[in-house]
Structure formats: C-alpha cells, structure tokens
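Structural overview
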Amino acid sequence: MVAEPTRSGEGDTRRQIMLSLLEHGPESASDLGDQLGLSAAGVRRHLDILVEEGIAEVAPTRGNQQRGRGRPAKSFRLTDKGRAQFGHGYDALATLALEALRETGGDSAVREFARKRISAIVEGISPAEVSEESIQATARALAEAFAAHGYAATVHRAAGGVQICQHHCPISHVASAFPELCEAEHQVIAELLGQHVQPLATIPGGHGICTTNIPLTPIQHSPDERSGT
C-alpha cells in the first residue's frame, strides 16, 4: 500500500495524484489540478516530490501533444516503483501454487484455473447482443468488473471499435510466468462481446498498460463451426 507521508493532508493529495496517474496514464500538472481542484503550481510541487522519490517520471512527449504554439505540456506517469505502491498481492505464493498445479495437473490444469479465475471476475455480466450499443455497454461492464478487482480499467472509443485499457495489473508478476492467465482473460472478453479481440499491449509483457482492442465486427463462424463438426 501507499506509504504514509509525514503530513496526512499532503499524503492524501499525493495519493490522489498517484491514483489519477494510474487510472488515466500520463497527465500534465494542469490536467491533474483541474481534476483535483488544485492549482497547477501546487500539483507540480507534489509531482516534484514523487519524481525525486522515483515514484513518478516525465513521460515521453508525443507529437500530438502539442498545445497551440510553443512547447507541449510536460506530462507525468508512474514508474514501476510507483505502480508497486498499489500492491501485487501474494505474487510469490501464487507463483509457487501455480507451479505446483502445473507439476501435478499439467498445462490443462493451469488453463482451467485461469478460466475459473476470470469467470469469477466477470460473473453476472450478460453477453452482448449484435448492436454496437450492446457491445459497448458490455465492454463498460467488463471494465467496471476489472476495476473492482484492482485493474484500474477504462473503456475508450477507437477507430472502428472500442478498447478496454487496464492501467494496473494486480497479478502482473504472476502473469509474466503464467501467460495462461492473460489468454483466459482475452478469451472470455471475446466470448462476452461476441467479437474477436486484439491484445495490443500488456503490463506483464513490459508495457505500461494492458490494451485490448475490440473491432466492432461480429465473429464470422464457418458452416463447420456452426454445425459443431
């Protein structure tokens, strides 16, 4: 969990800044100030401390971040150390348990466990219907379910579809050793949305975010698939 600083008020503000960076990715001091009701100067003071402590860093500048004339606004993001402040829940124990499961039951046992785990997370979410509105509603429900389990998930429109973005993965270190966890997640997302999904980036794979792209094109089944042959 996030360490308590000397002054609880400043600690609360710093936690809010960290949580915003976790959920929304790189943000400027001005954007953070607007969200938290603080001045940009006040936010920059907190950001300077987070950068000094290795919890945050200046994000690389993208070409589309230019704001009118002059330099683009400087944005900040959490470092790996900053993400670790939100916990990775019993990584060593979970890894040992899955290693033992693989030894006794093989790869199929690990895949079955991964399937049961993600099914519990999305329990109660109804499969999407054919319409884009239904698909987007189910995508939002999935993001809410993931967020409730510590994934800091959001949904965004993208060209030709939608994207589910997970800004934190509470099992990233375990998933690095057991990719079956991510595979089961993508499979269940595809089934609930009735769409092919495209994993574009993963935190276990070394990226700063897990991004799953969902093109708004229904899955096409061959006659053999429909007949079950």
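Whatever comes next refers back to the structure up there.
Residues numbered from 1 in each chain as written. Predicted model: local features only at pLDDT ≥ 70, side-chain atom pairs only at ≥ 80, totals over all residues. Heavy atoms only, no water.

This brings us to the pairing of strand 5 (residues 161-166). Within strand 5, six of the six residues are buried, which leaves the element mostly enclosed by the surrounding structure. Where burial is concerned, the two faces of strand 5 agree: the one with Gly161, Gln163 and Cys165 and the one with Val162, Ile164 and Gln166 are both buried. Strand direction decides the pairing type here: strand 4 (residues 153-158) and strand 5, joined by six bridges, are antiparallel. Counterpart to Thr154 in the pairing with strand 5 is Cys165. Hairpin connection between strand 4 and strand 5: a loop of two residues separates the two successive antiparallel strands, and Gly160 in this loop has a positive phi of roughly 80°. Here strand 5 runs beside strand 7 (residues 210-215); their pairing, made up of six bridges, is antiparallel. The partner of Gln163 across the bridge, within strand 7, is Asn213. (Buried < 20%, exposed > 50% of the residue type's maximum accessible area, 1.4 Å probe, protein only. Helix = DSSP H or I, 4+ residues; strand = E, 2+ residues; numbered from the N terminus. Pairing = 2+ DSSP bridges.)

What follows concerns the sheet that holds strand 4. Across the sheet, four strands lie side by side as 4-5-7-6; this open sheet has antiparallel pairing. Both edges of this open sheet fall to strand 4 and strand 6 (198-201), since each of them pairs with a single strand only. Mean inter-strand twist for the sheet, computed between neighbouring axes without regard to direction, equals 25°. As defined by bridge partners, strand 6 adjoins strand 7 across three bridges and the pair is classed as antiparallel. What sits directly across from Ala201, in strand 7, is Thr211. Packing against the sheet, helix 6 (residues 132-148) makes contact with strand 4 and strand 5, and its axis sits at approximately 155° to strand 4. (Axes fitted to C-alpha atoms, helices over the stretch in contact; angles between N-to-C directions. Contact = heavy atoms within 4.5 Å.)

For the rest of this paragraph, the subject is the nonpolar core. Counting 36 residues, the largest nonpolar core has Ile121, Val122, Leu142, Phe146, Leu181, Ile189 and Leu193 as its most contacted members. Among the elements of the structure, helix 5 (91-121), helix 6, strand 5, helix 7 (172-177), helix 8 (180-193) and strand 7 are those that each provide at least two residues to this core. Among the elements that take part in this core, helix 8 stands out by supplying eight residues, more than any other. Among the nonpolar cores identified, the runner-up in size contains 14 residues, and Ile17, Leu21, Leu22 and Leu32 belong to it. (Core = buried A, V, L, I, M, F, W, Y, C linked by side-chain atoms within 4.5 Å.)

Quick look at the pattern of salt bridges now. Counting across every chain of the model gives six salt bridges. The closest approach of N and O atoms between Asp12 and Arg15, which form a salt bridge, is 2.1 Å. You can see Asp12 and its partner Arg15 sitting in helix 1 (residues 8-24), three residues apart, about one turn around the helix. Ionic pairing is found between Lys116 and Glu112, a salt bridge with its closest N-O pair at 3.4 Å. Of this pair, Lys116 and Glu112 both sit in helix 5, four residues apart, which is roughly one turn of the helix. When its relative accessible area of 55% is taken as the criterion, Lys116 is described as exposed. (Salt bridge = Lys/Arg side-chain N within 4 Å of Asp/Glu carboxyl O.)

With that settled, consider unusual backbone geometry. Even without being a glycine, Ala152 presents a positive backbone phi close to 50°. Mapped onto the fold, Ala152 is located in the loop between helix 6 and strand 4.

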